[in-house]
Amino acid sequence: MFFQIYGGTAGWQLLGWLMVFTGLVVMNEIARRSKAGGIACFLVLPAVLTVYFIAIYVGAAKGAEWALNNDTYVHMNSWFHYAKLYAATAGCIGFMILKYHWGKLGKSHGFKVFPFVIVAINILIAVVSDFESAVRAGSLAGGWWLSSEGVWLYGGWWNVLNGIAGLLNIFCMTGWWGIYSSKDKKDMLWPDMIWMYILAYDVWNFQYTYLNLPTHAWYCGLALLLAPTFASALWNKGGWIQNRANTLALWCMFAQVFPLFQDASRFTTVTSVYAEGGIAAAMGSSMPTAADPTAQGLISVVSIAVNVFVFAYILKRAKALKKNPWKNEIFTDTKDYIEAMERA
């Protein structure tokens with residue numbers, strides 16, 4: 001098993017996963033189905049939270065006990081969490097501008113490249129974090145290092161390999177200007193982003209969370225990845241990237257304010273020692289984790305293999321069609337594309 005789900009807490013862990021998955025699916029529907037829902041989720045709520053975060057850090061700088069002991073300050077102080085939260089939220093706002101045609105930006109053809117840019121930025125944030133883990137490990141063969149949040153991570157060559165997979169994943173996005181608004185104005189559609197890309201992204205991103213967020217991967221590596229894919233597969237054709245941005249931003253907000261849901265509750269689930277001989281680390285950490293370099297390496301190999309295959313297929317298809325895969329849409333004859341365009 002990839003996760004430690006057994007014994008008396010297994011029921012709570014499974015319940016926690018179901019609550020997160022269902023909550024994300026429902027909140028995504030609230031955010032995408034109306035302007036009021038989107039504005040509340042991605043303009044009003046982030047503004048309120050920003051004031052809250054600033055207040056915490058101002059209080060901590062002044063030595064206030066309430067701030068120094070605040071769960072957000074103690075458990076979610078990494079640069080990665082804030083970068084991800086605000087990058088994802090920026091994506092959600094940009095997607096609303098496009099689907100509602102707000103202002104000059106929303107009507108500009110040039111702004112259609114925004115989804116590619118913001119997704120690439122989000123991927124690069126994770127890639128940098130992957131490379132950081134490899135560097136701080138001190139050896140590509142593997143090494144432990146303690147994060148600012150008190151979690152021991154086991155970095156190595158698997159982080160480098162997955163980081164390269166992330167860079168490849170950026171160029172697996174095709175038809176950068178092929179962005180549309182759905183007829184009912186509920187969704188921003190990217191029809192050329194078919195199931196192949198979604199698979200490559202999900203495998204890469206799961207491995208990122210498995211390597212770098214071992215105390216959170218059960219939720220942000222499975223529930224958070226499957227929620228947008230589930231919605232896109234069943235009723236929101238072509239809207240996967242919007243689903244992904246919405247659920248990611250909402251989850252980051254929740255996790256930033258209530259970190260103990262993942263870190264120190266009956267719902268806490270950490271990655272498992274995958275094979276006999278795996279390396280476990282407590283080392284005085286408030287959040288002990290476990291790691292097995294064999295499992296980490298295996299998943300990274302799968303991650304880069306899937307992304308190399310998808311990238312190679314894109315190049316082969318683009319050559320056959322005599323099209324630039326980033327300027328033009330190249331999956332126009334696929335079932336995914338056709339179903340998405342029927343909504344545009």
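Since we're looking at a predicted model, the values are computed, not measured.

Caption draft 1: The layout of surface pockets, seen in detail. Of the volumes computed, that of the largest pocket is approximately 320 Å³. Taken together, 15 residues line the largest pocket, and the ones lying closest to its centre are Leu24, Met27, Leu250, Trp251 and Phe254. Of all the elements in the fold, those that place two or more residues in the lining of the largest pocket are helix H1 (10-33), helix H2 (35-61) and helix H11 (240-257). Split into classes, the residues belonging to the lining of the largest pocket amount to 14 nonpolar, 1 polar and no charged.

Caption draft 2: Molecular detail of the packing of aromatic side chains. One pass over the structure, following the stated rule, counts 33 aromatic pairs. Seen from their ring centres, phenylalanine 111 and phenylalanine 114 are 5.0 Å apart, and the 15° between their planes marks the pair as stacked. Summarising the burial analysis for this pair, phenylalanine 111 and phenylalanine 114 share the class buried. Chaining the aromatic ring pairs together yields one cluster made of Trp12, Tyr219, Trp251, Phe254, Phe258, Phe261 and Phe267. Taking NZ or CZ as reference, arginine 266 lies 4.3 Å from the ring centre of tryptophan 12, over its face.

Caption draft 3: The arrangement of the pairing of strand S2 (residues 152-155) in detail. Of the two faces of S2, both are covered, the one formed by Trp152 and Tyr154 as well as the one formed by Leu153 and Gly155. Pairing between strand S1 (residues 143-146) and S2: 4 bridges, direction antiparallel. Directly across from tryptophan 144, in S2, lies its bridge partner tyrosine 154.

What counts, and at which threshold
- Residues numbered from 1 in each chain as written.
- Predicted model: local features only at pLDDT ≥ 70, side-chain atom pairs only at ≥ 80, totals over all residues.
- Heavy atoms only, no water.
- 1 Å grid on protein atoms, 1.4 Å probe; cavity = no way out; pocket = protein on both sides within 12 Å on 5 of 7 lines; lining within 4 Å.
- Points joined across faces, edges and corners; volume = space filled by probe spheres on them.
- Helix = DSSP H or I, 4+ residues; strand = E, 2+ residues; numbered from the N terminus.
- Nonpolar A, V, L, I, M, F, W, Y, C, P; charged D, E, K, R; others polar.
- Phe/Tyr/Trp six-rings, centres within 6.5 Å; stacked < 30°, edge-to-face > 60°.
- Buried < 20%, exposed > 50% of the residue type's maximum accessible area, 1.4 Å probe, protein only.
- Lys NZ or Arg CZ within 6 Å of the ring centre and 35° of its normal.
- Pairing = 2+ DSSP bridges.

These figures capture arrangement, not role.
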